[in-house]
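Structure at a glance
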Amino acid sequence: QALIAEARKVYAGDAALAAADASVSRQVAEAQALAQRNQQFSRITQLIAARPLRAEGVGEAARTVAALLRANPRDVDAATARQRLFDALDEGVANAGSSAELAALAQALAPAREAFAGDANLAKIATEFDAARSRVAAEEQSRLAASMGELVIDAAPWATVQSVVD
C-alpha cells in the first residue's frame, strides 16, 4: 500500500495505479474485518466455555451474537454461536445441584433473555429452569429432613468413640 502511494505521487494521473490502490485498500479492509470477526468469535467461544457460567460472560456473548445476527440474520457462524450459548445455559440448568448454583444461573440467564427476547429455545430453557428450581428445592428439603434427628459420628480411623453423652 505504501509502495502504491509513493508511485501515485510520481504518476498522479495513472488510472491503473488508482485502481490498484483501491483494490489493495479494499483487500486490507476485508482482511481487517475478517480478523476482527475471528477475534469476536474466539472471545464468544471462551465466554461460553467458562464454567460456571457468569452473568457478565453470558451477557457479553449474548450481546455480541445478537448484534451479529441483527447485522446479518443469515450468518451461520453467529447462529451456531447462539445455539452453543443456549446449549451451555441448558447444560447449566440440567447440572444445577443447589439453590446457590441456580441463583448464579438465574443471573446468567437474565442478559440472554434481554438479547434474545422471544426466542423459543430460550423460553424452553426458562421452563426447564423453573422445573430445576422445583427439583433442587425438593432435593434440599429431602436432605434436610433426612439429616434431622440423626447424629453421625465418623471417628474411624483416627479415633475410637468411648461414649456419647446427651
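Anything mentioned here points back to the structure above.
Residues numbered from 1 in each chain as written. Predicted model: local features only at pLDDT ≥ 70, side-chain atom pairs only at ≥ 80, totals over all residues. Heavy atoms only, no water.

Considerations on the nonpolar core
In a soluble, globular protein the nonpolar side chains are often hidden away together inside. Core analysis: the biggest nonpolar cluster contains 31 residues, and Ile-44, Leu-89, Phe-116 and Leu-122 have the highest contact counts within it. Counting only elements with at least two residues in this core, the list comes to α2 (15-49), α3 (55-71), α4 (76-95), α5 (99-115) and α6 (120-147). (Core = buried A, V, L, I, M, F, W, Y, C linked by side-chain atoms within 4.5 Å. Buried < 20%, exposed > 50% of the residue type's maximum accessible area, 1.4 Å probe, protein only. Helix = DSSP H or I, 4+ residues; strand = E, 2+ residues; numbered from the N terminus.)

A closer look at the pattern of salt bridges
Considering all chains together, one arrives at eight salt bridges under this definition. Taking the shortest distance from any N to any O, the salt bridge between Glu-56 and Arg-54 comes out at 3.2 Å. By relative accessible area, Glu-56 is classed as exposed at 52%. As a salt-bridge pair, Lys-124 and Glu-128 come within 3.5 Å of each other at their nearest N and O atoms. With Lys-124 and Glu-128 both in helix α6 and four residues apart, the pair spans about one turn of that helix. (Salt bridge = Lys/Arg side-chain N within 4 Å of Asp/Glu carboxyl O.)

What is shown is where atoms sit, not what they do.
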